[in-house]
Amino acid sequence: MQFRYYCALWSAKLIGWGMRLLHRSASYLPGRVALRICPDLMRRVQKAPLVVAVSGTDGKTTTSNLTADMMQLCGFAPVGGNRYGSNTEGGVATALVNSVNWLGRCRVRTVVLEVDEHYTPIILPQVRADYLLVTGLFRDSLQRNAHPEYVFGKMDRVDCPDMKLILNADELRSSGLLKNNPRLYFGAGPLPGDTDRPENLIDDMPYCPRCGKRLGYDYVHYAHVGRAHCPSCGFTSPAPDFCVTAIDTAANTLRLAHGGGETVYPLVNEALYNIYNEAAVIALFTDLGVAEDTIRAGLAQIKPPESRFSAWTAGGVQVVKVLAKSNNSLPVSLLFDHVRKSPGRKAVILAVDDLQEAHSSERIAWIYDADYEFLVRDDIVQIMVVGARRYDHVVRLLLAGCPEEKIVYGEDELATLDELAVEGVDSIFLLQDNTSYDLGTQAEKKIRQLLEARKS
Ligand SMILES: [Zn+2]
C-alpha cells in the first residue's frame, strides 16, 4: 500500500506541476487523481503539527482565509491549505499533497482547511484535525442542503474524539455539535439594533433542543442568532468563553470579554457576521497560547475580506451595489433587512435572476422563504425587477403586499432603467446575482448617467 501511496503522491505532484506550467488552476484535479490511485491518501499523508478545519453554512472562506493569514503572522508559518481550491475531497487532497515534499515529509507547520459541511465526516478523521471551527448552520440552497438539521446530523457523526471545537454560542444548532468533544464558544452580547425575537419568515431554530417547547430570546442579532432561553425547562444558549461586548465603528475596534477581563481588538470588518468570524479567530489563537499583543498586531495587518458591497454617490444620491446570492433565502433576507434599516427614501433594483437555474422548474422555492415583506415600506418608493426571473419576483412582491404601482419590470433590463425613480430618493440599492454581474456593471453605468443628467 505504501507503493500505491507514493504513486498517488508523485502523480498528483506531476499533474500539479504540469498544470501550473500551463497556467491552469491546479487546486482540485491533482488530489482527485491521487484519491483514485490511493483512496486513503488523506490518512497516509504525514500530518502537519497543527491542522485547523473551518466549516459552516456562511463565512467559511472568509474565516479560513483570516485564520491562514493570522497563522502566517503569529508564528505558525509555513502555512498550507486549500485557500484557492475546492472544499471537498479533491481540493483537500491537493492541499495535503502540497503540504509534503516528494519524499512524503511534511514541509509546513500548519494546515488550514476549508471543509464543506457535508464532507466533514469523511475528511476530518482522515486529516486528523486538531481544531474544527464552525461559523454556524443556517438554511442554505434547498436542493443541495435540504434543512440545517440534516446538515447537523451529518456533522454530528464526525469521529475525532480529541478534536477541539470552536463554536458559535449564539447559533443554537451548531453550538450543540459533537457533545463529547472539548469545545470553546464565541458569541456577542446585546448590541444596538437587536430585536427580542427572530423576525424572518423562516426560523430554523424555533424549539427548545431539550424539551421541544417554543424558545424565547433575551436578544436576537439577526435570523435566529442571539441568546435563547426556554421558558418551559430553563435551557439556555451556552455561555460564550469569548464574547464581543461592544463595537466601535468610528474607532474601528471591538471589545471582547474573556476570562474575567476585557480586551480591545482592531475591527477587521464591521458587518456583524464578520465580527463573529473575527471572534472565532481570536478564540482560536488565544487557545493556541498566542499573546494578546501578537493577536492584536496580526488583526491590524490582515486585510478585511473583499467586500460584497460597493457604494458611490452621484448627484447627491448614494448608489449601493450588493452581491445577492440567489437560491439561498437567508443571505437575501439579510440584504433586504439592511435596505429597510438604511435611512432615507430608497429605490431597489432586484437583478437576482439565478440564470444558471433558469431551465429548472422548481428552483424558486427560496423566493418564498425570503423576506420580501421587509421591502414593503413607505420609504421604499420603487422596486425595479429585471432578469429572467422577474415575473417570479413580481408575484412574490405582490403577495408580500407591495402596491402594484411601486413595481416596475420589463423585458429589456437596461431599457427598463429609464423608468428608475431618481427624483426624491436618497439611495438606490442594486442587488445583483453572480450571474447578473455583467448586467450589473452596465446598469451601474446607466444609473450614473441618469443621476448626472438629473443634476445638470
Ligand atoms: Zn426546554
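Each remark here, short or long, concerns the structure printed above.
Summary of the structure given here. (Residues numbered from 1 in each chain as written. Predicted model: local features only at pLDDT ≥ 70, side-chain atom pairs only at ≥ 80, totals over all residues. Heavy atoms only, no water.)

Read from one edge of the open sheet, nine strands run β2-β3-β1-β4-β5-β6-β9-β10-β11, paired in mixed fashion. In this open sheet, the two strands that pair with only one neighbour each are β2 (79–81) and β11 (261–266). The mean angle between the axes of side-by-side strands here comes to 20°, regardless of whether they run parallel or antiparallel. In terms of strand pairing, β2 meets strand β3 (residues 110–114) through three bridges, oriented parallel. Across the sheet, residue Gly81 finds its bridge partner in β3, namely Val112. (Pairing = 2+ DSSP bridges. Helix = DSSP H or I, 4+ residues; strand = E, 2+ residues; numbered from the N terminus. Axes fitted to C-alpha atoms, helices over the stretch in contact; angles between N-to-C directions.)

What follows covers the sheet that holds strand β13 (residues 317–323). Spatially, β12-β13-β17-β14-β15-β16 is the arrangement adopted by the six strands of the open sheet, whose pairing is mixed. With one partner strand each, in any of the chains shown, β12 (309–314) and β16 (407–409) form the two edges of the open sheet. Strand-to-strand twist of the sheet, defined as the mean angle between neighbouring strand axes without regard to direction, takes the value 15°. Here three bridges tie strand β15 (residues 380–385) to β16, and the two strands are oriented parallel to one another. Bridge pairing links Met384 to Val408 in β16. Helix α11 (residues 329–341) rests against β12, β13, β14 (346–351), β15 and β17 (427–432) of the sheet, and its axis sits at about 165° to β14. (Contact = heavy atoms within 4.5 Å.)

The final tally for this structure, using the stated rule, is seven aromatic pairs. Judged by centre distance (5.1 Å) and plane angle (75°), the ring pair of Phe336 and Tyr372 falls under edge-to-face. In this pair, Phe336 is assigned in helix α11 and Tyr372 in the loop between α12 (365–369) and β15, connecting sequence segments 36 residues apart. Accessibility assignment for this pair places Phe336 and Tyr372 in one class, buried. These aromatic residues form a ring-pair network of at least three members: Tyr5, Tyr6 and Trp10. For the cation-ring pair, Arg296 lies above Tyr265, with the distance from its terminal atom to the ring centre recorded as 5.8 Å. Here the guanidinium or amino end of Arg340 rests over the ring plane of Phe374, the centre of that ring lying 3.7 Å away. (Phe/Tyr/Trp six-rings, centres within 6.5 Å; stacked < 30°, edge-to-face > 60°. Buried < 20%, exposed > 50% of the residue type's maximum accessible area, 1.4 Å probe, protein only. Lys NZ or Arg CZ within 6 Å of the ring centre and 35° of its normal.)

With that out of the way, let us pick up the coordination of the zinc ion. Bound to the zinc ion are the protein donor atoms Cys208 (SG), Cys211 (SG), Cys230 (SG) and Cys233 (SG), situated 2.3 Å from the metal. Around the zinc ion, the four donor atoms are arranged such that angles at the metal cover 104 to 115°; this shape is classified as tetrahedral. Donor residues for the zinc ion sit on one chain with the sequence pattern C-x2-C-x18-C-x2-C. Remark: Cys233 occurs in the loop between β8 (225–229) and β9 (242–248) and Cys208 occurs in the loop between β6 (183–188) and β7 (216–222); sequence separation between them is 25 residues. Taking relative accessible area as the criterion, Cys208 reaches 4% and is therefore assigned buried. (Donors = N, O, S within 2.8 Å, 3.2 Å for Na, K, Ca; no water. Tetrahedral: all angles 85-135°; square planar, octahedral: opposite > 155°, others 65-115°.)

Of note, the amide linkage connecting Ala77 to Pro78 takes the cis form, showing an omega dihedral of -5°. By the element assignment, Pro78 lies in the loop between α4 (60–73) and β2. For Leu178, which is not glycine, the phi dihedral falls at a positive 40°. Counting through the fold element by element, Leu178 comes out in the loop between β5 (164–168) and β6.

Turning our eyes to something else, we now look at the environment of Asn98. You can see Asn98 is positioned in helix α5 (residues 89–98). Among the residues examined, Asn98 registers a relative accessible area of 34% and is labelled partly exposed. Sequence separation of Asn98 and Ser427 is 329 residues, and the distance between their C-alpha atoms is 48 Å. Residue contacts for Asn98: discarding those within four places in its chain leaves Lys13 and Arg107.

The next point concerns the pairing of β11. Where strand β10 (residues 253–258) and β11 come together, six bridges link them in antiparallel fashion. Looking across to β11, one finds that Thr253 is bridged to Pro266.

So, on to the pairing of β9. Summarising the sheet, β6 and β9 pair through three bridges and their orientation is parallel. Its bridge partner lying in β9, Ala188 is registered against Val244. Examined bridge by bridge, β9 and β10 share six bridges and lie antiparallel to one another. Bridging from a neighbouring strand, Asp248 pairs with Thr253 of β10. Joining the antiparallel neighbours β9 and β10 is a turn of four residues, in which Asn252 adopts a positive phi near 60°.

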